[in-house]
Amino acid sequence: MTQPSAIDDILAEYAGLETQLADPSLHNDAGAARRVGKRFAELAPVMATYRKLETARGDLSAAQELAADDSAFAAEVPDLERQVEELEQALADLLAPRDPHDGDDVVLEVKSGEGGEESALFAADLARMYVRYAERHGWKVEILDATLSDLGGYKEATLSIKSRDAARDGVWSRFKFEGGVHRVQRVPVTESQGRIHTSAAGVLIYPEPDEVEEVQIDESDLRIDVYRSSGKGGQGVNTTDSAVRITHLPSGIVVTCQNERSQLQNKARAMQVLAARLQALAEEQADQEAAAGRANQIRTVDRSERIRTYNFPENRITDHRIGFKAHNLDAVLDGELDALLDALGKADREARMAAE
């Protein structure tokens, strides 16, 4: 089922990476060592599955030979055949074309849209959902910037989500499907007559480059403003102008960060976010297919552009792209997203394999 040339290429690359990692001189360059280590970790599941498959094939061959002389061994053959078939399929899935950003960390933005205060509260629910999912997977989350509504919702929020290792399936591989307009149907806290309202919030996702240097940014293209960080309820408010807003003049991209303690730290973090957004923009311009995919994340934060609906009265979540439905909305909002993300990932892999 698998292509011999594909696995041969992987075996050769993995051996080469092992050699590089064993060379002490590699670790003199932290960036190079990180890239090699990340790729080595990405290939580890492929190698583990391949080795299991080779062992299973050897066991099957031995059982078939023994069964020819002794019928007592014949009972083992069907189970081993199934095991080989399952491992061949697993290896084929691992060797299928994959998004080059799958191992990357992400910058995630949530923005309120139609629906006023209710939309801001829903945006906060979405941000909390992603934070809880990340925590379940041991990922690191930073809230880089947030603008609160009067009732404590998010008019907008920017999160950085990082995995703690260079595993094959990184944050982007799971969250890349979340970009788009999310619609909610529920009775708002501001509704006095118990009527169900519909509102929307938008999510944008960007792969975050390992290093800012991967994206060249001309300082003369930037306008940098500093201001006083805001806090909630009068608490946690900085008394110095430590918050930073960076405007990239050629593209019009604006990034703010007020999470760090100092102006220099906030500027450095904002530059990382800007680099991520410029990287995504450059890829869109270079690749029309990628442009179409990311343009579909949000054209307008309007209910008609929805990718998913969260129906509170029926405790139902529906992803309109793949027809996924489940009646565990409360669990999903608490971070139990795996079933939904698995279904989206499967559809994505099938589409990639069909395109080959």
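The rules behind the values
Residues numbered from 1 in each chain as written. Predicted model: local features only at pLDDT ≥ 70, side-chain atom pairs only at ≥ 80, totals over all residues. Heavy atoms only, no water. Helix = DSSP H or I, 4+ residues; strand = E, 2+ residues; numbered from the N terminus. Buried < 20%, exposed > 50% of the residue type's maximum accessible area, 1.4 Å probe, protein only. Areas by Shrake-Rupley, 256 points an atom, 1.4 Å probe, with all protein chains shown as cover. Phe/Tyr/Trp six-rings, centres within 6.5 Å; stacked < 30°, edge-to-face > 60°. Salt bridge = Lys/Arg side-chain N within 4 Å of Asp/Glu carboxyl O. Core = buried A, V, L, I, M, F, W, Y, C linked by side-chain atoms within 4.5 Å. Contact = heavy atoms within 4.5 Å. Pairing = 2+ DSSP bridges. Axes fitted to C-alpha atoms, helices over the stretch in contact; angles between N-to-C directions.

Caption draft 1: The arrangement of the overall build of the protein in detail. Of regular secondary structure, the protein possesses 9 helices and 11 strands. Scored against the burial criterion, the 356 residues of the protein give a buried share of 43%. Total accessible area computed for the protein in this model is approximately 18200 Å², and 48% of it derives from carbon and sulfur atoms.

Caption draft 2: A look at the packing of aromatic side chains. Overall, the coordinates contain 6 aromatic pairs when judged by the stated rule. Pairing tyrosine 130 with phenylalanine 175 gives two aromatic rings, centres 5.2 Å apart and planes at 65°, and the pair type is edge-to-face. Here the residue tyrosine 130 occupies a position in helix H4 (residues 116-136), and phenylalanine 175 occupies one in helix H5 (residues 171-175), the gap between them amounting to 45 residues. Taken individually, tyrosine 130 and phenylalanine 175 each receive the classification buried, so the pair is uniform in this respect. Relative to phenylalanine 175, the ring of tyrosine 133 has its centre 5.5 Å away and its plane inclined at 45°; by these criteria the two rings are tilted. Pair noted here: tyrosine 133 is in helix H4 and phenylalanine 175 is in helix H5, with a separation of 42 residues, a long-range link. By relative accessible area, which is 0% here, tyrosine 133 ends up buried.

Caption draft 3: Structural detail: the pattern of salt bridges. Applying the stated criterion across every chain yields a total of 27 salt bridges. The network of salt bridges with common partners includes Glu109, Lys111, Glu156 and Arg277.

Caption draft 4: How the structure looks around unusual backbone geometry. Positioned with a positive phi, asparagine 315 is a non-glycine residue whose angle comes to about 50°. For asparagine 315, the position within the fold is in the loop between strand E9 (306-311) and strand E10 (316-319). In this structure asparagine 315 comes out as partly exposed when scored by relative accessible area, which is 27%.

Caption draft 5: Examining the nonpolar core more closely. If you look at the biggest cluster of nonpolar residues, it comprises 38 residues, and the most contacted ones within it are Leu126, Ile161, Phe175 and Tyr310. Elements supplying a minimum of two residues to this core: strand E1 (105-112), H4, strand E3 (154-162), H5, strand E5 (197-208), strand E11 (324-326), helix H8 (329-333) and helix H9 (338-355). The leading source of residues in this core is H4, at 10 residues. When near neighbours in sequence (up to four residues on either side) are disregarded, tyrosine 310 contacts Phe122, Leu126, Met129, His182, Arg183, Val184, Gln185, Arg316, Ile317, Leu329 and Leu333.

Caption draft 6: Local environment of the sheet that holds strand E7 (residues 243-248). Taken in spatial order, the 3 strands make up an open sheet running E6-E7-E8, and their pairing is antiparallel. Every interior strand has two partners, whereas the edge strands, strand E6 (222-227) and strand E8 (253-257), have only one. Strand-to-strand twist across the sheet, computed as the mean angle between neighbouring axes with direction ignored, equals 15°. Of the strand pairs in this sheet, E7 and E8 are connected by 5 bridges, and their pairing is antiparallel. Each residue of the ladder has a partner; that of histidine 248, found in E8, is isoleucine 253.

Caption draft 7: Highlighting the pairing of E7. E7 sits mainly inside the fold: 5 of its 6 residues count as buried. Where E6 and E7 come together, 6 bridges link them in antiparallel fashion. Note on E7: the bridge partner recorded for isoleucine 224 is isoleucine 246. The turn joining E7 and E8, which pair antiparallel and follow one another in sequence, is formed by 4 residues; a positive phi near 80° is taken by glycine 252.

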